[in-house]
Amino acid sequence: MSPHRRPLPADPRVRALVAQASHRGALSRRSFLAGALGTAGVGALLAACGTGAPSAVPAPAEDLSSSKKLVRWANWTQYLDQDEEGTSYPSLEAFEAQSGLSATYAEDIDDNDTFYGKISGQLKNGQDIGYDVVTLTDWMAARLIRLGYAQKLHKSRMPNAENILPGLEHVDFDYGRTHSLTWQSGFAGLAWDKEKVPRGLHSLEDLWDPDLAGRVEVLSEMRDTIGLIMLSQGVDPSSNWSDDDFYDALELLKRKIESGHIRQVRGNAYTQDLASGDAIAVIGWSGDITSLNYEADGRFEFAIPEAGGTLWSDNMLVPVGSPYLRNAEELMNYYYDPEVAAQVAAWVNYITPVEGAQEAMVAIDPELAEDPMIFPTPEILSNVSVFRTLTPDQEARYNGEFLTVIGA
Amino acid sequence: MSITAALGDSTASAVAAPPLRRARRAHLVLLGPGLVYLVLFFVVPVGALLATSLYVPVPGGDVGQFQPAFHWQNYVDALTQFWPAVLRSFWFALLATVAALVIGYPIAYVIAVRARGRPLLQGLLLVLVVAPFFTSFILRTIAWKQILADDAFVVTALHFLHLLPPDARLTATPFAVVSGLTYNFLPFMVLPIFAALGRLDSRLLEAGADLYASPTTTFRTITWPLSMPGVVAGTLLVFIPAAGDYVNASLLGNNTNTTMVGQVIDARFFKVLDYPTAAALSVVLMVAILLLVGAYVRRSGTEDLL
Amino acid sequence: MTSAAATSPSPTAARPGGAALELEGVTKAFGQFVAVDDLALTIPSGSFFALLGPSGCGKTTTLRMVAGLEQPTAGTIRLGGQDVTGTRAHQRPVNTVFQSYALFPHLTVGQNVAFGLKRSGARDVARRVADGLDLVELGHLADRKPAQLSGGQQQRVALARALVNRPALLLLDEPLGALDLKLRRQMQLELKRIQTEVGLTFVHVTHDQEEAMTMADTVAVMNHGRIEQLGSPAELYELPQTAFVANFLGQSNLVPGTVTDRLLKRGLLGVDVRGTRVLVPAARAVRQTGAVLVGARPEKMRLLVGDQAPGHDENVLGPGIVTDVSFLGVSTQYQVEVPGLGTFGVFAQNLLGGATVPVGTSVGLAWAVDFTFGLDGAQARDDGTVDLDDEL
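Residues numbered from 1 in each chain as written. Chains lettered and ligands numbered in written order. Predicted model: local features only at pLDDT ≥ 70, side-chain atom pairs only at ≥ 80, totals over all residues.

**Q** What should I look at first to understand the overall build of chain B in this one?
**A** The helix and strand tally for chain B stands at 12 helices and 2 strands. Going from the N terminus to the C terminus, chain B shows its helices and strands as α-α-β-β-α-α-α-α-α-α-α-α-α-α. With the C-alpha coordinates of chain B rotated into their principal frame, the extents come out at 80 × 75 × 35 Å. The 306 residues of chain B split such that 39% are buried. A separation threshold of at least 6 residues defines the contact pool for chain B, and within that pool the share at least 24 residues apart is 67%. (Helix = DSSP H or I, 4+ residues; strand = E, 2+ residues; numbered from the N terminus. Buried ≥ 20, exposed ≤ 12 C-beta atoms within 10 Å, placed from the backbone. Contact = placed C-beta atoms within 7 Å.)

**Q** It is not clear to me how the sheet that holds strand E13 (residues 276–281) of chain C should be interpreted in this structure. Could you clarify?
**A** The strands that make up a sheet pair up through hydrogen bonds in the backbone, lying either parallel or antiparallel. Residues and elements named next belong to chain C. The strand order E13-E12-E11-E14-E20 describes an open sheet built from 5 strands, whose pairing is antiparallel. Bordering the open sheet on either side are E13 and strand E20 (373–376), each of which pairs with just one other strand. For this sheet, the mean inter-axis angle between neighbouring strands, taken without regard to orientation, is 45 degrees. Bridge count for strand E11 (residues 253–263) against strand E12 (residues 268–273) is 5 bridges, and the pairing is antiparallel. Across the sheet, Asp-261 pairs through a bridge with Gly-270, a residue of E12. (Pairing = 2+ DSSP bridges. Axes fitted to C-alpha atoms, helices over the stretch in contact; angles between N-to-C directions.)

**Q** Just checking my understanding: could you explain the interface of chain A and chain B for this structure?
**A** How big an interface is tends to be stated in terms of the accessible area lost upon association of its parts. Across the contact, 39 residues belong to chain A and 37 residues belong to chain B. Those elements giving two or more residues to the side of chain A that touches chain B turn out to be helix H2 (25–37), helix H5 (112–124), helix H6 (138–146), helix H10 (243–258), strand E8 (262–266), helix H11 (270–276) and helix H18 (392–405) of chain A. Among the elements that take part in the side of chain A that touches chain B, H18 of chain A stands out by supplying 7 residues, more than any other. Partitioning the side of chain A that touches chain B into residue classes produces 14 nonpolar, 18 polar and 7 charged. (Nonpolar A, V, L, I, M, F, W, Y, C, P; charged D, E, K, R; others polar.)

**Q** Explain the sheet that holds strand E3 (residues 48–52) of chain C to me, please; I cannot follow it from the model alone.
**A** Residue and element names in this part refer to chain C. Sheet architecture is open: 6 strands sit in the order E6-E7-E8-E3-E9-E10, paired in mixed fashion. Because the sheet does not close on itself, it has two edges, and the strands there are strand E6 (94–97) and strand E10 (226–231). When strand polarity is set aside, the average angle formed by the axes of neighbouring strands in this sheet is 20 degrees. For strand E9 (residues 218–223) and E10, the ladder comprises 5 bridges, and the chain directions are antiparallel. If you follow Ala-220 over to E10, its bridge partner there is Leu-230.

**Q** Looking at this model, I keep getting lost on the domain arrangement of chain A. Mind explaining?
**A** Residues and elements named next belong to chain A. Segmenting chain A into domains produces domain 1 (12–21 + 42–50 + 57–186 + 312–374) and domain 2 (188–310). Each side of the interface is counted separately: domain 1 has 10 residues, and domain 2 has 10 residues. The leading source of residues in the side of domain 1 that touches domain 2 is helix H1 (residues 15–21), at 3 residues. Per-class residue counts for the side of domain 1 that touches domain 2 are 7 nonpolar, 3 polar and no charged. (Domains from an automatic or database assignment.)

**Q** Is there a simple way to explain the domain arrangement of chain B in this structure?
**A** Along its sequence, chain B is organised into domain 1 (2–52) and domain 2 (79–305). Taking the mean C-alpha position of each, domain 1 of chain B and domain 2 of chain B sit 34 Å from one another.

**Q** How should I be thinking about the environment of Leu-325 of chain A in this particular structure?
**A** Residue and element names in this part refer to chain A. Topologically, Leu-325 is positioned in helix H13 (residues 325–335). On the neighbour-count criterion, Leu-325 (23 C-beta atoms within 10 Å) is buried. Distance from Leu-325 to Tyr-294, taken between C-alpha atoms, is 38 Å for residues 31 residues apart in sequence.

**Q** It is not clear to me how unusual backbone geometry should be interpreted in this structure. Could you clarify?
**A** Phi is mostly negative for residues that are not glycine, and the peptide bonds are mostly trans. Unlike most non-glycine residues, His-162 of chain B shows phi in positive territory, near 60 degrees. Its location among the elements puts His-162 of chain B in the loop between helix H6 (153–160) and helix H7 (174–198).

**Q** So what exactly am I meant to see when it comes to the confidence of the model for chain B here?
**A** For any part of a model where pLDDT is low, the fine detail of the predicted coordinates should not be relied upon. The predicted model of chain B averages 86 in pLDDT, with 92% of residues at 70 or higher. Low confidence marks residues 302–306 of chain B, where pLDDT is under 50. Its contacts with residues over four positions away, or in another chain, come to 8 contacts. (pLDDT = per-residue confidence, 0-100.)

**Q** Hey, could you run me through the interface of chain B and chain C in this one?
**A** Taken together, the contact between chain B and chain C spans 16 residues of the former and 21 residues of the latter. For the side of chain B that touches chain C, the element with the most residues is helix H8 (residues 202–210) of chain B, which contributes 6 residues. Each residue belonging to the side of chain B that touches chain C can be placed in one class, and the counts come to 10 nonpolar, 2 polar and 4 charged.

**Q** Which parts of the structure should I look at to understand the packing of H10 of chain A against H18 of chain A?
**A** Geometry of a packed helix pair, given as the angle between the helix axes and the separation of the axes. Residues and elements named next belong to chain A. In the contact formed by H10 and H18, the axes pass within 10 Å of each other and the chain directions differ by 15 degrees. For the element pair H10 / H18, the angle class is roughly parallel. The hand of the H10/H18 crossing is right-handed. Taken together, the residues of H18 that come into contact with H10 (itself represented by Phe-246, Leu-250, Leu-253, Lys-254 and Ile-257) are Tyr-398, Glu-401, Phe-402 and Val-405. Class assignment of the residues belonging to the contact of H10 with H18 gives a composition of 7 nonpolar, no polar and 2 charged. (Parallel < 35°, antiparallel > 145°, perpendicular 65-115°, else oblique. Left-handed = near helix turned anticlockwise from the far one by under 90°.)

**Q** Whenever I open this one, the pairing of E12 of chain C confuses me. Can you help?
**A** All names here are of chain C. The antiparallel hairpin formed by E11 and E12 contains 4 residues in its connecting segment, where Gly-267 sits at a positive phi of about 65 degrees. Of the strand pairs in this sheet, E12 and E13 are connected by 6 bridges, and their pairing is antiparallel. Opposite Val-271, over in E13, you have Val-278 as the bridge partner. Counted along the chain from E12 to the antiparallel partner E13, the turn is 2 residues long, and its residue Arg-274 has a positive phi close to 45 degrees.

What follows is the structure, given as structure tokens:
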């Protein structure tokens, strides 16, 4: 199976969408301040006696990069090119050789929330969490930036950062990419078993076909499942939609779950259910289906619904307590080299955020250079949305309601 | 218990005062590490849990930010919203406990009584009982998903035999969740019953037979009551973790009628970062288990256990 | 069926003189080891019967086969004339008092005693339990748990638990083995009293010859899965028929000899014991010719000191040297070493008070010809002389 990152995104070329969302910069600042005023996170809870006393925004750690040639990176599983044996990362080894830095790479992230739970206590206190680069999905990256938990990046030390796809440069949570850089992006859409659903799925309505009752699964990632339903209801999830729009989508989901049409709401594990036959039609992630097909002889197919799909990205950030900002920047700069980006994309099969990688890919594998799941066409990109960034209040409320509906 | 034992000892030796003091001091020293451990890793966290359950969100704060308060309404809100999950947890745990008893008792009986005097066979059987524990809990549960999958042989066979309606399935049902719970906690049932039956004097069974009790009657009147300590221990060891389990419900359940409170706590804690609700539900779960277990132990009580 | 048999033993079993238990050709083999070998035995109804033997002699296995706890490899078991071979323990009108008592620890004394009655669906359970406990004088402890009782009390509960069912046969498997000596003596008398009182057939398995002789009407001495000799305690003692019985039941002085002649008129055999001629009543000898063991009990022997002469009807051996003198109160036990013949035991009643013969004295040994017995000379003279108190 493969990696899966949670969702939420920012995207390539969908400037319109991004432009719409970016007016929320003001809000980001407001919540930034609120975050500075009071925090009681998991760390505080576990440490017991957490008082929740207001704490100042932690100050970035002093940069010791010049004295210690080290950079530590936390990422999701199977999210970086590996050699044949799966024991080493060729692009990372090349980086070490070229930069003289020693890089440690850990596949330590399997869930945004869980990972946040682990590190938030230290982040709040400005302590080193043991990573200099963490890779988090848009909405979680947004939270870290909002709370002042991510260090400001110096573009002057990362010339390649200019290669970022224009559409990804001005995301609502980090306008101008001052604190983050996109790692990879992907779509959420429809996936199905071609043998059992021979006519395929073209829209969410097809997913609700009574013939499929009990064999349908949707993602436990709110922004993807609700986002796709919103799109099917004519609401653009990147727009400034209302509470009613959200609850309309949630209501539909609730009915489909209660009627048993939706068998289960799953995280990454939906791919297991596709493989075992328990699910034959799902809301899923593009890269998963590519990986799954390697093992299943192309039995499955992925498509973005006619009404539109969602696009999410994972972003590299430097945690506030990291003492190796410059080393981290050097690493990010390296991966924004189009040649390196193509090398990674050829292996992970997700959308690369680096301009020029498509041209570089031709040299590696001309067929992949034409793969719309790695290098989406403008048509595809015009049909996907990025779920807008929520205020803390909305995030807590919507997430709570969504989880209640999916029975958790 | 060790505290009362310690006090009992000291009173008994009350005649000799100096040794008594020394004994008391020795007891304190011996209890020390345990007490420190309990305070650090039980009392303090439970206190923190209770405190957290009463927190309120920081006004205008970010997701997951709360401040101290005495907001008892958290309990009302949590229970109003999640009481079905709480009740279901106990119901599923009860079903799993009964199932584990029905399956586990005969296993324990065969190992302890039938294989008595054959330590090699006993050891082998015990290893088989415990062997699944060498793999991760999650993997075992996922394996059950595969076993009960629509296209797997269990469902196929049941369909073929018309024991299951053609469109019915096993995964994503309460049955799957209870099966998973039963399977995952079965060794906790088998081992204490095995220990109790292992101590059973086989001469008592002969005495039963000698006093006109058929094998069935002997079992009912002698074996069963004498294995009660194991049965009580086993049912508790299965029931308590099963009531708080969330892995089986999330992997083998669906999203309508299998939600258990552990799942809710997990989601509120890790996904919504609603720590007060998660804490309140944990407290409710803890208190409910304490009450149930207390009532159960009282009922199945000492008089039946000698 | 069980209950009927249990509560009202069959007429055959109840009739005095009828056979309560008959074993025919009963054999039990555990793999290669034959625990009980072609055993035949008839136990009359209403008797107190003891199976006596060292551990491993097969007596307990025999008992367990009667109880139905083991099935014989071959042979037939009849209870009150009815063939019960192959039936299971709970179907037999037999109850056992186990060596370990096997009281049910989770039940009170009263519930323990009521156990069999409830299974057999008897009426009047409460009264019979009370009667049963009164019989063993434990009525006041009915509500205690077995663990709260002393060993002797537990033993009596076990007895009451078996007795209340009025079984056709009551089996006692070393029931007194776990008690101390004084209590054991007391319980022996108690058991005998109860048996007389209730009139049931008791089969008592023990390795303690004194216990067997004290209580039983009839004793069967078992060795190596077979019965060596069966009879009343007095018969077995006065006229043992094997070296094993002679040594296992009390003590015997046995010396090897060869039959030289027969005095037909007087019914005597002349036996040469290392050059000394002794006489054995032909009726008291298992062999009339060849090699024999000449035996006499120690209390039948007396010491000839100085110029004391033997009586007219006495055999004489010796002289020998007194090597040990033990004063026992009622008697004095002497050990006399006779060159070439070994050590003899002599019990002398202390009629005149105190030991009269010191160690080192040269003495002769004399005993009445009438008390002499003759055994098969092929048997080892020390067969059955195991130290019984070390067993258990």
